[in-house]
Amino acid sequence: MSTATLSRPAPVAPAFAPTLTVFVLTALLVSGQLYVVIPLLPDMAVGWHTDPGALTWLVTAFAIGYAVGFLLFGPLSDRIGRRRLLMLGMPLAAVATALVAISSDPGVAIALRLVQGVAVATFPPAGMAYLGESVEPRRRVVAISAITGAFLASAVLLQVAGQLLVGSVGWRGLFVLSAIGLTLAWLGLRAVMSPDRPREQRGSLMATYRVVPSLLANPALALRYLAVLVLLGGFVAVYTGLQLSGVVTSSGELLGLRASGLPSILLIPLLTPWLARLSAPVRATVFLLLGAFTLAVTGATGPGAVGLALLLALYVAAITAGLPALNESIASLAEGSRGTALALFSFFLAVGSSLGPLAAAAFSRFDLLMYGLAGVMIVGALAVLVSTRLAAGGRRV
């Protein structure tokens, strides 16, 4: 053993509070880039003299890039290191975001949103893996829970921020602010992250990706991935539908509806110890059905702003509780390939996000959208039930 090896200092855990603060703010900003464009669609349509429905591709293109990025960067962060990957990806994300702000037409903006999605996708797999490896074990659960909550909360907070600011800075100004925020996030990550640890290279990089087809060929896992796609796809479709349908005409009411889901996002994690008494597949099924019921009631009753806010809060609670249940139920079937299985979980979340705006644009009426999404969520619940039956032969579910 060499003297250099003997003298190498033991890894030091990063300072918890600064690290968690930077990571939570980065998670909000990164994931929120998917949602921030939704309240901007009318202003962008006016500027480009086009229909807001056609511009839903600005959401879809980002989500496609985000989905592909998960599959690319999860294994790559194992290979080259978490910090090194983020030091490359975050500046690229900032540049792509700034270029969206100066894009001359929708086609250019859509292409740049695709690049932006790929670039920001460096953060979730590398960031979560870094916290799992570097934060003290006694604080690890808190850190992971905080980041997961930030990803969910971004759907509400960034839509609210977009609606509040677009009138004063314009949609181009909002992309400039996002680019500045991503640059600050890059500098913050650079300041708080410890250097990458030496990594032993085993086999080729392509060998890491070969397990993906075998996971997708597992019928039980494939059905649970279908439920994941349904859950977040419906979530994005609901909020895009609110923007496009004109069911709410007051900007103040629309702002309140976007914010109505935030208490649910904050409350559900506090109920986790009680909810965990149910198995993960049972929880996933229950909350998919609850989401379907809520959407069906919304479509049937045509509630006013207050009623719609209450129903949306219940719907967001179902999404917030259903996602971790699906995450856990997928991990339980993955055996020795949990990392790749959960990368696929994130991939299908992003695919669902890309389909949601297209679904919203396809329905001329908000009530019909609610009925359609309710039906799809029932299919998702049935998929989980069938997957549980398929997996029951001696496997832990």
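Our structure is the block above this text.
What counts as what
Residues numbered from 1 in each chain as written. Predicted model: local features only at pLDDT ≥ 70, side-chain atom pairs only at ≥ 80, totals over all residues. Heavy atoms only, no water. Helix = DSSP H or I, 4+ residues; strand = E, 2+ residues; numbered from the N terminus. Buried < 20%, exposed > 50% of the residue type's maximum accessible area, 1.4 Å probe, protein only. Contact = heavy atoms within 4.5 Å. Polar contact = N/O pair within 3.5 Å; in protein donor to acceptor, adjacent residues only side chain to side chain. 1 Å grid on protein atoms, 1.4 Å probe; cavity = no way out; pocket = protein on both sides within 12 Å on 5 of 7 lines; lining within 4 Å. Points joined across faces, edges and corners; volume = space filled by probe spheres on them. Core = buried A, V, L, I, M, F, W, Y, C linked by side-chain atoms within 4.5 Å. Phe/Tyr/Trp six-rings, centres within 6.5 Å; stacked < 30°, edge-to-face > 60°. Patch = residues over 30% accessible without salt bridge, like charges linked within 9 Å, V, L, I, M, F, W, Y side chains within 5 Å. Areas by Shrake-Rupley, 256 points an atom, 1.4 Å probe, with all protein chains shown as cover. Salt bridge = Lys/Arg side-chain N within 4 Å of Asp/Glu carboxyl O. Arc of directions from axis to C-beta. Expected span 1.5 Å × (residues − 1). Axes fitted to C-alpha atoms, helices over the stretch in contact; angles between N-to-C directions. Parallel < 35°, antiparallel > 145°, perpendicular 65-115°, else oblique. Left-handed = near helix turned anticlockwise from the far one by under 90°. Nonpolar A, V, L, I, M, F, W, Y, C, P; charged D, E, K, R; others polar.

A look at the overall build of the chain
Phase 1 of the analysis: Helix and strand content of the chain: 18 helices and zero strands.
Phase 2 of the analysis: Every one of the 397 residues in the chain was classed for burial, and the buried ones make up 51%.
Phase 3 of the analysis: Intrachain contacts of the chain at a sequence separation of at least 6 include 84% that bridge at least 24 residues.

Examining the side chain of Ser103
Phase 1 of the analysis: Residue position: Ser103 is located in the loop between α5 (82-101) and α6 (106-120).
Phase 2 of the analysis: Residue Ser103 is classed as buried on the basis of its relative accessible area of 3%.
Phase 3 of the analysis: For Ser103, the residues in contact, after removing those within four places along its chain, are Trp48, Val108, Ala109, Leu112, Trp171 and Arg172.

Describing the side chain of Ser31
Phase 1 of the analysis: Within the secondary structure layout, Ser31 lies in helix α2 (residues 16-35).
Phase 2 of the analysis: A polar atom in the side chain of Ser31 sits 3.4 Å from the backbone oxygen of Phe151.
Phase 3 of the analysis: Setting aside residues up to four positions removed in sequence, Ser31 forms contacts with Tyr66, Phe151 and Ser154.

So, empty space enclosed by the protein
Phase 1 of the analysis: Tallied over the entire structure, the rule returns one cavity of 30 Å³ or more.
Phase 2 of the analysis: One number sums up the size of the largest cavity: a volume of about 40 Å³.
Phase 3 of the analysis: Around the largest cavity sit Val238, Thr294, Leu295, Thr298, Leu308, Leu311, Leu312, Tyr315, Phe366 and Met370, which together line it.
Phase 4 of the analysis: Only α15 (280-301), α16 (305-331) and α18 (366-391) provide two or more residues apiece to the lining of the largest cavity.

Remarks on the nonpolar core
Phase 1 of the analysis: Grouped together as the largest cluster of nonpolar side chains are 116 residues, with contacts concentrated most on Phe23, Met44, Phe123, Leu189, Phe235 and Met377.
Phase 2 of the analysis: Take this core: its biggest share by element is 17 residues, from helix α8 (residues 137-192).
Phase 3 of the analysis: Setting aside chain neighbours within four positions, we find Phe235 in contact with Tyr35, Ala155, Tyr315, Val316 and Ile319.
Phase 4 of the analysis: Listed in part, the six residues of the second largest apolar core include Ile268, Phe287, Ala318 and Ala321.

Structural notes on the packing of aromatic side chains
Phase 1 of the analysis: Per the stated rule, a full pass over the model turns up eleven aromatic pairs.
Phase 2 of the analysis: Summarising the aromatic geometry, the rings of Phe23 and Phe123 are spaced 5.7 Å apart at their centres and angled 50 degrees between planes, so their arrangement reads as tilted. Pair noted here: Phe23 is in helix α2 and Phe123 is in helix α7 (residues 123-134), with a separation of 100 residues, a long-range link.
Phase 3 of the analysis: By relative accessible area, Phe23 is classed as buried at 0%.
Phase 4 of the analysis: Overall, Phe123 belongs to the buried group, its relative accessible area being 1%.
Phase 5 of the analysis: On the basis of an interplanar angle of 15 degrees and a centroid distance of 5.7 Å, the ring pair of Phe23 and Tyr130 is categorised as stacked.

Re a nonpolar patch on the surface
Phase 1 of the analysis: On the surface, Leu164, Leu165, Val169, Val176, Leu177, Ile180, Leu184 and Leu187 cluster together into a nonpolar patch covering about 680 Å² of accessible area.
Phase 2 of the analysis: Relative to the assigned elements, Ile180 resides in helix α8.

Concerning helix α3 (residues 41-48)
Phase 1 of the analysis: When α3 is considered as a whole, its buried residues turn out to be Leu41, Met44, Ala45 and Trp48. End-on, the buried residues of α3 take up no more than an arc of 100 degrees, which puts them together on one face.
Phase 2 of the analysis: His49 sits one or two residues past α3 and shows a positive phi near 55 degrees.

Looking at the environment of Ile64
Phase 1 of the analysis: Tracing the chain through its elements places Ile64 in helix α4 (residues 57-80).
Phase 2 of the analysis: Exposure remark for Ile64: the relative accessible area of 35% places this residue in the partly exposed category.
Phase 3 of the analysis: Along the primary structure Ile64 and Phe348 are separated by 284 residues, whereas in three dimensions their C-alpha atoms are 10.0 Å apart.
Phase 4 of the analysis: Leave out the neighbours within four places in its chain, and Ile64 touches Leu114 and Ser354.

A few points about α15
Phase 1 of the analysis: Between its first and last C-alpha atoms α15 spans 32 Å; for 22 residues at 1.5 Å apiece the expected length is 32 Å, and the two agree.
Phase 2 of the analysis: Two residues or fewer after α15 comes Gly302, characterised by a positive phi angle close to 50 degrees.

What about the pattern of salt bridges?
Phase 1 of the analysis: Under the defined criterion, the tally for this structure stands at one salt bridge.
Phase 2 of the analysis: One salt bridge in this structure joins Arg365 and Asp367, with 2.7 Å as the shortest N-O distance.
Phase 3 of the analysis: When its relative accessible area of 47% is taken as the criterion, Arg365 is described as partly exposed.
Phase 4 of the analysis: Judged by relative accessible area, Asp367 falls into the partly exposed class, the value being 21%.

Points about unusual backbone geometry
Phase 1 of the analysis: Located in the positive-phi region is His49, a residue other than glycine, with phi close to 55 degrees.
Phase 2 of the analysis: Note that His49 resides in the loop between α3 and α4.
Phase 3 of the analysis: Under the relative-accessibility criterion, His49 is labelled exposed at 74%.

Concerning the environment of Leu257
Phase 1 of the analysis: Tracing the chain through its elements places Leu257 in helix α12 (residues 251-259).
Phase 2 of the analysis: Using a relative accessible area of 0% as the deciding quantity, one classes Leu257 as buried.
Phase 3 of the analysis: Separated by 18 residues in sequence, Leu257 and Tyr239 have C-alpha atoms that sit 9.1 Å apart.
Phase 4 of the analysis: Those residues in contact with Leu257 that lie beyond four places of it in its chain are Tyr239, Leu242, Val248, Ala305, Leu308, Ala309 and Leu312.

With respect to the packing of α15 against α18
Helix-helix packing is characterised by the crossing angle of the two axes and by the distance between the axes.
Phase 1 of the analysis: At their nearest, the axes of α15 and α18 sit 8 Å apart, and the two run at 165 degrees to each other. Taken together, the axis directions place α15 and α18 in an arrangement best described as roughly antiparallel. Crossing angle aside, the handedness with which α15 passes α18 is left-handed.
Phase 2 of the analysis: For the contact of α15 with α18, a count of residues per class yields 18 nonpolar, six polar and one charged.

Everything listed here is a matter of coordinates, which is why it stays silent on function.
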